Amino acid sequence: QLRLVELGGGLVQPGGSLRLSCAASGFTSNVHVMSWYRQAPGKERDLVATITRITGTTNYADSVWGRFTISRDNAENTVYLQMRSLKPEDTAVYYCHAHELNPPADYWGQGTQVTVSS
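Residues numbered from 1 in each chain as written. Predicted model: local features only at pLDDT ≥ 70, side-chain atom pairs only at ≥ 80, totals over all residues. Heavy atoms only, no water.

A. Looking closely at unusual backbone geometry. Going from Asn 102 to Pro 103, the amide bond is cis rather than trans, its omega being 0°. Relative to the elements of secondary structure, Pro 103 occurs in the loop between strand E9 (92–100) and strand E10 (105–108). Phi at Asn 77 takes a positive value of approximately 50°, unusual for a residue other than glycine. As for its placement among the helices and strands, Asn 77 is situated in the loop between strand E7 (68–73) and strand E8 (78–83). Even without being a glycine, Ser 85 presents a positive backbone phi close to 50°. Mapped onto the secondary structure, Ser 85 falls in the loop between E8 and E9. Using a relative accessible area of 42% as the deciding quantity, one classes Ser 85 as partly exposed. (Helix = DSSP H or I, 4+ residues; strand = E, 2+ residues; numbered from the N terminus. Buried < 20%, exposed > 50% of the residue type's maximum accessible area, 1.4 Å probe, protein only.)

Following this line, the structure appears as structure tokens:
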């Protein structure tokens, strides 16, 4: 079983930057894709960015494209989300997610609050 722990959330001013990290512990060999999701109050949990463990292929939601960068350090079993040019609408709880294959399985972190406000 995989455990995911997010760190790095906090309060940041509009236009500022913040970096989130997600450390995976446990058996990580079957992880195919690591992702960041976010959920604002009263809204659904939306996909922000994904990165494949083996190839490092990335994908981004339109809302964060060009501003956020997802990366991974496989040696440390850690995924990062570098957020730049933050906007108030980026305010949400950000969740780390891991998707495994053979068999498929999904794991979620506990979430970390990101608040973008003056």
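B. Structural detail: the environment of Pro 14. Turning to its location among the elements, Pro 14 is positioned in the loop between strand E2 (10–12) and strand E3 (18–26). Among the residues examined, Pro 14 registers a relative accessible area of 40% and is labelled partly exposed. Once you skip the residues sitting within four places of it in the chain, Pro 14 turns out to touch Leu 86, Pro 88, Val 116, Ser 117 and Ser 118. (Contact = heavy atoms within 4.5 Å.)

C. Inspection of the side chain of Arg 67 at higher detail. Note that Arg 67 resides in the loop between strand E6 (58–60) and E7. Within the local environment of Arg 67, its side chain forms a polar contact with the side chain of Asp 90, the two groups lying 2.8 Å apart. (Polar contact = N/O pair within 3.5 Å; in protein donor to acceptor, adjacent residues only side chain to side chain.)

D. Quick look at the sheet that holds E3. Strand order in the open sheet formed by four strands is E1-E3-E8-E7, with antiparallel pairing between adjacent strands. Strand pairing shows two members of the sheet lacking a second neighbour, strand E1 (2–7) and E7, which therefore form its edges. Direction aside, the axes of adjacent strands within the sheet are offset by 15° on average. By the bridge criterion, six bridges tie E3 to E8 in an arrangement that is antiparallel. Opposite Leu 20, over in E8, you have Leu 81 as the bridge partner. (Pairing = 2+ DSSP bridges. Axes fitted to C-alpha atoms, helices over the stretch in contact; angles between N-to-C directions.)

E. Highlighting the pattern of salt bridges. One pass over the full model with this rule turns up two salt bridges. A salt bridge links Arg 38 to Asp 90; its shortest N-O distance comes to 2.8 Å. Note that Arg 38 is positioned in strand E4 (residues 31–39) and Asp 90 in the loop between E8 and E9, a separation of 52 residues in sequence. You'll find Arg 38 and Asp 90 in the same group, each marked buried. What emerges from the salt-bridge pattern is a single network uniting Arg 38, Arg 67 and Asp 90. (Salt bridge = Lys/Arg side-chain N within 4 Å of Asp/Glu carboxyl O.)

Fair warning: the whole summary comes from geometry, so function is off the table for now.
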